[in-house]
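Listed here are the chains, written in short residue letters.
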Amino acid sequence: MKKRLFPLVAILAVLFVISSCTDLPDVVKETPAEPEQPGEEVTPEFDWKITEGLTLEVKVKTLEGKVNDFYRTVKVFTDKNFESTSLIATGSARPGEPYTTEISVPAAVKVLYIQVRDAYSRSTSYKCEISLKQGTLVLDTNTAQAYEPDPQTRAGNNAPAAPGIILPDTYDYTVTTAFPETLENGKTYYIPKGVTIELDNKNVLENGIYVRSKMATIYVAGTLKMKETSSVSISNKHFVVLPGGKIEAPKMTFIKIANKDIPVVYVMAGGEMDIAGDLSVAENLSLVNHGIINCKKFNTYGGSHVHIAGLLKVYQLNLAWPKEWPDSYVYMYPNSVIDAQGSAWLGKAHIIMYEEAIFYSATNTPAENAKFIAPEGNKAFVRIDGQNYTYGGMYTFYGDIEVFIPNIKASHAQAFRNERMFDGAFLTDNWEDRKYYIAWTEINNGYGEFELIDKDGDGVPSHEDIDDTDPNAAYNSYFPSASDMATMMFEDNWPGRGDYDMNDVVADFNVYWATNARNEVTGMTVHWKLRAAGAQNKLAMALQLDGLAASEVSAVESSLTPSGSIFQTDAKGLEIGQSRPVIPLFDDVSDVFAGVNKMVNTYQGQTYYDSNTETLTIHFTSPVAMRTVAETKLNFFVVVSSHDNPTRSREIHFPWQSRTDLGKKQTSETTDPENEYLTVDGMMWGIMVPKSIKYPRESVTMEDAYPAYGSWYNSNGTQDEDWYEGSVNEDKVYQVPVEEIPEEDME
C-alpha cells in the first residue's frame with residue numbers, strides 16, 4: 001500500500017543577505033569590487049520571471065469494461081525520459097471530467113511530456129510543445145498522437161538484447177505446393193505468406209523433413225502444418241517463423257544439429273508455433289522466441305539455452321528435468337512471459353529475468369536447485385497460484401524479484417522469506433502488499449496487475465492513490481519538481497538601489513500540494529531552509545497566499561516557532577490584521593541560526609553556519625482550486641528593519657507581486673512610479689530561480705558569478721533563458737566549506 005508522503009523532497013531555503021554591509025572584526029575580508037550597475041536599461045515590460053504559469057487541461061477517452069469506472073492518472077514531466085525527478089504534476093481524469101490544473105514551468109522548457117494511465121496502469125504518453133505566452137494547453141487524447149520515447153534515451157534496465165537474426169536477401173527455394181524430395185545442405189526454403197503446406201506421414205518419410213539429412217533452414221511466412229501423430233525427432237533443421245507465419249504440429253523434438261550456434265527454432269515477433277503435444281529442446285541446443293509459442297509440454301534437457309522475448313504458454317513446463325541432466329538456461333527479456341497453466345517442474349534451471357518479465361505457474365511448483373535471477377537494475381515478477389501452497393522445492397530467488405504466492409501456508413511463509421530470498425528478492429502473500437505493478441499486455445494475461453481495489457471510494461485505485469484510506473488525498477504535485485528546489489534571492493536596500501550581489505536574502509524552497517480525485521487541493525506543504533543572511537539589518541520573512549482569503553485557511557503547522565518580534569499571529573498561525581493568509585517563516589535570522597543575526601554565510605572564510613530544514617503544513621477549511629494556491633500565487637517576501645527598532649512595514653517583494661495589507665508603500669527617485677518593486681531603469685530587488693543555485697560572494701555581482709545572466713536580462717528574457725544551468729565562476733560564488741577529514745578516517 002502506498003503511504004502518504006509529505007515532501008521531504010523540498011527545501012525552502014530562505015537566505016537573507018543585507019547589502020548595506022560593514023566589515024565585521026572576525027571576518028577574513030575579501031577586497032570588495034565596486035558595485036556594478038546593469039549593463040543596459042531593462043524595459044519596464046520585463047518582469048524578471050524565469051517561470052510562467054500555465055493552465056493545463058487533459059481530456060481522456062472512454063475505455064471498455066470496468067476499468068472505465070476508475071479515474072485515469074495523469075502525470076506531467078519536463079523530461080523526455082519520464083524520470084520521476086522531473087515530475088511536476090499528477091491528477092485524475094475521466095471521460096467528461098478532464099484533468100485541469102495550474103502549473104509553473106521554466107521559460108527554457110519548450111516541451112511537456114504527459115503520461116495517461118488507466119487503472120490497470122496501461123499508459124500512453126504524449127509530447128506537447130508549449131509556449132508559455134499561450135496561457136492554456138489542452139491535450140485531447142481522443143485525437144492526439146501518442147509519443148513513444150526513444151529506446152536509446154529511455155531509462156535503461158541493463159538488459160541485453162535478445163538474439164537477433166539476419167534474413168537472407170533471397171531464398172534458394174520458394175515452396176508453394178510441396179517440399180522437394182531431398183533438402184539440400186545449406187539451402188534455404190521459404191513458405192510465402194498465404195501459402196499452407198501440409199505434411200503427413202508419407203511426406204515426412206519421403207521428403208526427409210525429419211530424417212537425419214544435411215542441414216537446411218526453413219523460413220515460414222505462411223503456415224506449415226505437420227500431421228504426424230507420433231513424436232518425430234528433428235535433426236539438422238532450423239525453423240524460422242517470420243512475422244505472420246505459423247507452425248502447427250502434434251509434437252516436435254530437436255535432438256541434434258551440426259551448428260549449435262544457430263537456434264533450432266527462431267520465432268520472430270508476430271510469428272507463432274502451436275504444438276499440440278511436447279516441444280522439446282535438448283543436447284545443448286537453443287531456441288529463440290520473440291513471438292508466441294503454445295504447447296502442451298515444454299521440455300529442456302542437456303544444457304539447452306532458451307531465449308524468451310515474447311510468450312511461452314504451456315500446460316506443463318519441465319526445465320532441466322529430470323534433475324540428473326546438466327543445467328539449462330532460460331533468458332526472459334523485458335516484458336516477456338512464461339505462462340504455465342498447469343505446473344512447472346524445475347530442475348537445475350537458471351531463469352534469468354529482465355525488466356518486468358513475468359513467470360507464472362497455476363499450481364504448486366516442484367523444483368530442485370532452480371534459481372530465478374534478476375540482474376542488477378531489473379525488476380521481475382514470479383506468481384504461483386494453486387491452493388494451499390506448501391514450502392516444498394529447493395528453488396531460490398536472487399535480485400529485484402517479487403514472488404507472489406497468494407495461497408502459501410502462513411506457517412511456511414516466514415521460512416520461505418528467510419531461506420529462499422536473496423539480494424533484494426521478496427515474498428508477498430496477499431493482494432494488499434503487492435509491490436511491483438506490471439500493466440496488462442496482450443501476452444501477460446494481467447498476471448502482474450493488482451486487483452482493482454479502492455478502499456476510500458474516491459475512484460482512484462489503491463496502487464495509484466497516495467493514501468487509499470483518505471478520500472482527501474489521492475495525488476500530489478510539486479514545484480519546481482518532485483526532487484528539485486528553487487532558489488529565491490533578494491536585495492535588502494529597497495527602495496534604494498542595491499549592489500546586486502543578490503545575497504542579502506537567498507531562499508531555497510520546494511512546495512508540495514496534495515489533491516483529491518477531483519483535483520482540488522486539500523493540503524499544502526512547504527519545506528524551507530535558511531542558507532545565508534548577508535546583512536546588518538534585522539531580517540524577517542513570510543509567505544502570503546495571494547489567491548485565498550485568510551478565512552479559507554484553518555490551521556498552519558510549523559516546525560519552527562518564530563520569536564514574534566515582527567509578525568503577530570493568531571491561534572491558526574496566521575498574521576493578525578491581514579485579509580489574505582500571511583504565514584511567518586521567521587522573525588529574525590537568529591530564529592534559525594542560534595546566536596547569529598547578521599552577515600551569515602556570504603564572506604568566504606567567515607564561520608559557516610548550517611541550519612535545519614523547516615516545514616510549513618497548511619490546512620484549508622475546505623478543498624480549494626489549484627489556481628488559487630499555485631506557484632504563481634505564492635508571495636514570499638522579506639521584512640527589513642533595524643535591530644534596535646524593529647518595525648513591520650518595510651516589505652520587499654518580487655516585481656510581479658504586491659505588498660500585503662500591512663506593508664507600507666515607499667518610493668524614492670530610484671523606484672519605478674508604476675511598480676514599486678522595479679527601479680526606474682527596470683532592475684529588481686528579488687528574483688526566483690527554479691533550481692537550487694550557488695549565490696555570489698559578498699560584493700560580487702550576479703553578472704560576475706553567472707556569465708550568461710547579463711545576456712538574459714538585457715535581452716528582456718529572450719536570450720539565455722536557462723542562464724542558471726550554464727557556466728558559473730566558482731571563485732565568485734560562496735562555497736560551503738568542506739570539513740577536514742581526520743587523518744585516521746582516511747585510511
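The following paragraphs examine the structure supplied in this document. All of these numbers come straight from a predicted model, not from anything done at the bench.

1. Examining the overall build of the chain
In step 1: The secondary structure content of the chain amounts to five helices and 43 strands.
In step 2: By the burial criterion, 55% of the 747 residues in the chain qualify as buried.
In step 3: For the chain, the share of sequence-separated contacts (at least 6 apart) that also reach a separation of at least 24 residues comes to 62%.
In step 4: Surface summary for the chain: the accessible area is close to 30800 Å², and the carbon and sulfur share equals 47%.

2. Considering the sheet that holds strand S7 (residues 136-140)
In step 1: Ordered in space as S4-S1-S7, the three strands form an open sheet in which the pairing is mixed. Sheet topology places strand S4 (99-106) and S7 at the edges, where each strand pairs with a single neighbour. The average angle at which neighbouring strand axes cross in this sheet is 25 degrees, direction not considered.
In step 2: The pairing of strand S1 (residues 51-59) with S7 spans five bridges and is classified as parallel. Opposite Glu57, over in S7, you have Val138 as the bridge partner.

3. Describing the side chain of Ser280
In step 1: Within the secondary structure, Ser280 sits in strand S18 (residues 272-281).
In step 2: On the basis of relative accessible area, Ser280 is assigned to the buried category, the value being 6%.
In step 3: One polar contact links Ser280 to Asn299, side chain to side chain, over a distance of 3.0 Å.
In step 4: Among all residues touching Ser280, those that are not within four sequence positions of it are Met252, Thr253, Phe254, Asn299 and Tyr301.

4. Focus on the packing of aromatic side chains
Two descriptors summarise a pair of aromatic rings, namely the distance from one centre to the other and the angle between the planes of the rings.
In step 1: On inspection of all chains with the given rule, the structure shows 40 aromatic pairs.
In step 2: Summarising the aromatic geometry, the rings of Tyr395 and Phe397 are spaced 5.8 Å apart at their centres and angled 85 degrees between planes, so their arrangement reads as edge-to-face.
In step 3: When its relative accessible area of 0% is taken as the criterion, Phe397 is described as buried.
In step 4: An aromatic cluster is defined as three or more aromatic residues linked by ring pairs; in this entry it consists of Phe46, Trp48, Tyr706, Tyr709, Trp712, Tyr713, Trp723 and Tyr724.
In step 5: A cation sits over an aromatic face here: Arg94 above Tyr71, 3.8 Å from the ring centre.
In step 6: Lying over the aromatic face of Phe404, Arg434 brings its terminal NZ or CZ to 5.3 Å of the ring centre.

5. Description of the side chain of Arg72
In step 1: Position of Arg72 among the secondary structure elements: in strand S2 (residues 72-77).
In step 2: The charged side chain of Arg72 is buried without a salt bridge, its nearest counter-charge being Asp118 at 6.2 Å.
In step 3: One polar contact links the side chain of Arg72 to the main-chain carbonyl oxygen of Lys61, over a distance of 2.7 Å.

6. What to know about the pairing of strand S36 (residues 521-532)
Residues in a regular strand project their side chains so that they alternate between the two faces of the sheet.
In step 1: Burial of S36 is extensive: twelve of the twelve residues sit out of reach of the surface.
In step 2: Strand direction decides the pairing type here: strand S35 (residues 505-515) and S36, joined by ten bridges, are antiparallel. The partner of Tyr512 across the bridge, within S36, is Thr525.
In step 3: Linking S35 back to S36 in an antiparallel pair, the connection comprises five residues, with Asn519 at a positive phi of about 65 degrees.
In step 4: In terms of strand pairing, S36 meets strand S40 (residues 614-624) through seven bridges, oriented antiparallel. Opposite Trp528, over in S40, you have Glu614 as the bridge partner.

Scoring rules and cut-offs
- Residues numbered from 1 in each chain as written.
- Predicted model: local features only at pLDDT ≥ 70, side-chain atom pairs only at ≥ 80, totals over all residues.
- Heavy atoms only, no water.
- Helix = DSSP H or I, 4+ residues; strand = E, 2+ residues; numbered from the N terminus.
- Buried < 20%, exposed > 50% of the residue type's maximum accessible area, 1.4 Å probe, protein only.
- Contact = heavy atoms within 4.5 Å.
- Areas by Shrake-Rupley, 256 points an atom, 1.4 Å probe, with all protein chains shown as cover.
- Pairing = 2+ DSSP bridges.
- Axes fitted to C-alpha atoms, helices over the stretch in contact; angles between N-to-C directions.
- Polar contact = N/O pair within 3.5 Å; in protein donor to acceptor, adjacent residues only side chain to side chain.
- Phe/Tyr/Trp six-rings, centres within 6.5 Å; stacked < 30°, edge-to-face > 60°.
- Lys NZ or Arg CZ within 6 Å of the ring centre and 35° of its normal.
- Lys, Arg positive; Asp, Glu negative; His and termini not counted.
- Salt bridge = Lys/Arg side-chain N within 4 Å of Asp/Glu carboxyl O.

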